[in-house]
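# Structural features, examined
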Amino acid sequence: MHDDREPQYQFETRAIHAGQEPDPETGAVIVPIYQTSTYRQEAVGVHKGYEYSRTGNPTRAALETALASLEGGAWGLAYASGLAATANVMYLLRPGDHVLLSDDAYGGTYRLVDKVLQPWGLTYTQVDLTDPARVREALKPETKLVWVETPTNPYLKIAPIAELAEVAHGGGARLVVDNTFASPYLQQPLAHGADIVLHSTTKYIGGHSDVVGGALVGNDPAVREILAFHQNAVGAVPGPQDCFLLLRGLKTLAVRMERHSANGRAVAEFLRGQDAVERVYYPGLPDDPGHAVAARQMRDFAGMVSFTARGGLEAAKRVVASTKLFFLAESLGGVESLIEHPGLMTHASLAGSGFEIDPGLIRLSVGIEHVDDLIADLRQALTAGVLEAAAIRD
Ligand code: P1T
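The shown structure was predicted, so the numbers you read here are calculated from the model rather than taken from an experiment.

### Some remarks on the sheet that holds strand 8 (residues 277–281)
Spatially, 5 strands are ordered 8-9-12-11-10 in an open sheet, and the strand pairing comes out mixed. In this open sheet, the two strands that pair with only one neighbour each are strand 8 and strand 10 (327–328). Pairing between strand 10 and strand 11 (residues 338–340): 2 bridges, direction parallel. Residue F327 lies in a different strand from strand 11, and its bridge partner there is L338.

This is the structure:
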């Protein structure tokens, strides 16, 4: 739970200290990896607060406290993946309930709702969540959740969190904000009225592409009680080694996000000046449609940049195969730069949904390498990719 001693400290300090007191037994300054499945009891029910590691583990508890502190929430819960966290929220729903989902949502979130929960009795509507009026129109009496990513994956659209919270609450629904693309350093949705914040901690929070994890943070103790019950009852919990890696990642989150944001902006500006590029999506560009709202609710704009290559699918496939520093890979938010083709990779599950991704779209996760090297890599890949595609067409 949230540690009342921490709020006086700034984000950077809490990232290093919240929930991470030196080990009382040994003085170790880093929270140990409590690699244990169970805990000895003095007598039945007499113990030090831990019974079994699915229910609770001290390394996980430290991570949960730190995440709650960084999102400004009263509680945090950690999961084995972002989708495990998503599923855990969905267990709040019952057959017949309705969810409003972004028209631009992570493919795996869409797949869970469409392929797993819909057959089980959930209904959903996809809507442009950047426009609160559209959301108000789409609300039904049985709408229980409004599920928003901001920035969205992969078009980096920006939804106004405070306005959406008002609309959702007016309709008797909860607002869940997937904050994966911003990180708690850049955006804290609870402060704008969100009920639950979700993270794929696999991404910026872990920051080093070496762990898969998820998290939920909120304020309402009644919601925590149900979700913690689900966390234990369903069992998709992270192991202590993964929690250790996430705590380690958290300590440098602030400085990493500063560099991701600076590099992301420089890459977006570079791309915008290229003939081989048709359109750039980056909320940090002053003329981006989401810029004004993003500037209001985010500290900076992170390192995710999407763009369409001139020449459509063929050009995009060649560009993503031509970078050397940007690895062609799914996922995002690590220190190393990645490039991918959302239509064929991360969002392939949208095929047939009516919300398919533009086949010319390329998504970058701009890392924290030197920005000159990153731009040089993109320059050569664009030249190679778009020329090759043009040669094939001619
Ligand atoms: O991969 P997992 O930790 O289960 O998280 C799922 C998830 C949830 N929300 C958002 C916004 C995400 O981007 C993801 C995972 N996304 C990718 C793997 C990707 O490359 O987009």
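Anyway, onward from the coordinates.
### What about the sheet that holds strand 3 (residues 123–127)?
Pairing between the strands of a sheet comes from backbone hydrogen bonds, and it takes one of two forms, parallel or antiparallel. Read across the open sheet, the 7 strands follow the order 1-7-6-5-4-2-3; overall the sheet is mixed. Of all strands in the sheet, those bounded by a partner on one side alone are strand 1 (75–79) and strand 3. Between one strand and the next, the sheet's axes are offset by a mean angle of 20°, whatever the strand orientation. Here strand 2 (residues 98–102) runs beside strand 3; their pairing, made up of 5 bridges, is parallel. Bridge pairing in strand 3 places S102 opposite V127.

### Quick word on the site of the ligand
As a structural note, the neighbourhood of the ligand is formed by 18 residues, with D178, S200, T202, K203 and S331 the closest of them. For the ligand, an oxygen atom lies 2.8 Å from a polar atom in the side chain of S200. K203 has a polar side-chain atom sitting 3.0 Å from a nitrogen atom of the ligand. Here the ligand loses 92% of its free accessible area of 470 Å² to cover by the protein chains.

### Considering the packing of aromatic side chains
To describe a pair of aromatic rings, you give the distance between the ring centres and the angle between the ring planes. Taken as a whole, this structure holds 4 aromatic pairs when the rule is applied. Ring centres of Y110 and Y124 lie 6.2 Å apart, and the angle between their planes is 80°; on these two criteria the pair is classed as edge-to-face. Taken together, the positions of Y110 in helix 4 (residues 107–117) and Y124 in strand 3 put the pair 14 residues apart, joining distant regions of the chain. Here Y110 and Y124 have matching classes, each one buried. With a centroid separation of 5.2 Å and an interplanar angle of 70°, the aromatic rings of Y155 and Y281 are classed as edge-to-face. A residue pair is termed long-range when its members are at least 10 positions apart, and Y155 in the loop between strand 4 (143–149) and helix 6 (161–170) and Y281 in strand 8 qualify at 126 residues. On the basis of relative accessibility, which here comes to 12%, the residue Y281 falls in the buried class. Positioned above the aromatic ring of Y185 is the side chain of R299, whose terminal nitrogen or guanidinium carbon lies 3.9 Å from the ring centre.

### Side note on the environment of G218
Among the structural elements, G218 can be located in strand 7 (residues 214–218). A C-alpha to C-alpha distance of 29 Å links G218 and S349, two positions 131 residues apart in sequence. With near-sequence residues (within four places) excluded, G218 lies in contact with G73, A74, W75, L190 and D195.

### Some remarks on the nonpolar core
Grouped together as the largest cluster of nonpolar side chains are 99 residues, with contacts concentrated most on W147, L216, L227, L271, V280, I362 and L364. It is helix 13 (residues 371–393) that provides the largest number of residues to this core, a total of 8 residues. Both domain 1 (11–95 + 170–251) and domain 2 (253–393) contribute no fewer than three residues apiece to this core. Not counting residues up to four positions away in its chain, the partners in contact with L227 are W75, L77, Y79, N88, V89, L92, I196 and L216. One finds V135, A168, L175 and A194 within the second-largest nonpolar core, a separate group that totals 18 residues.

### Points about helix 10 (residues 253–272)
A rise of 1.5 Å per residue sets the reference length of helix 10, with its 20 residues, at 28 Å; its end C-alpha atoms lie 28 Å apart and thus fit the reference within 8%. Regarding helix 10, the residues found buried are L253, A254, R256, M257, H260, S261, N263, G264, V267, A268, F270 and L271.

Rules used throughout
- The residue count restarts for each chain, going from 1 along the sequence in the order it is written.
- Two thresholds apply to this predicted model, a pLDDT of at least 70 for residue-level local features and 80 or more for giving and counting side-chain atom pairs, whereas whole-chain, interface and lining totals are computed over all residues.
- Think of the side-chain values as coming from all heavy atoms in the structure, minus any hydrogens and water.
- Following DSSP output, two strands are said to pair if at least two bridges run between them.
- Runs of H or I in DSSP of at least four residues are treated as helices and runs of E of at least two as strands, each being numbered from the N terminus.
- In this description, a line fitted to the C-alpha atoms serves as the axis of each element, helices being fitted only across the stretch in contact, and the angle between N-to-C directions of two axes falls anywhere from 0 to 180 degrees.
- The near set for a molecule or strand comprises every residue that places at least one heavy atom within 4 Å of it.
- Think of a polar contact as two N or O atoms within 3.5 Å of one another; within protein, one of them needs to be a possible hydrogen donor and the other a possible acceptor, and neighboring residues in sequence only count if both atoms come from side chains.
- Accessible surface area values rest on a Shrake-Rupley calculation with a 1.4 Å probe, where residue burial reflects the displayed protein chains alone.
- Within 6.5 Å between ring centres, the rings of Phe, Tyr and Trp (the latter by its six-membered ring) count as paired, and their orientation is classed by plane angle as stacked under 30 degrees, edge-to-face over 60, tilted in between.
- The rule is simple: take the accessible area with a 1.4 Å probe, protein chains only, and divide by the maximum for that residue type; under 20% is buried, over 50% is exposed, in between is partly exposed.
- A ring is scored as having a charge over it whenever the NZ atom of a lysine or the CZ atom of an arginine sits within 6 Å of its centre and within 35 degrees of its normal.
- Any two residues whose heavy atoms approach within 4.5 Å at even a single point are treated as in contact.
- Each nonpolar core is a collection of buried residues, namely Ala, Val, Leu, Ile, Met, Phe, Trp, Tyr and Cys, held together in the definition by side-chain atoms within 4.5 Å.
- Domain extents, as shown, originate in an automatic or database domain assignment.
- In this analysis, the expected span of each helix is defined as 1.5 Å times one less than the number of residues it contains.

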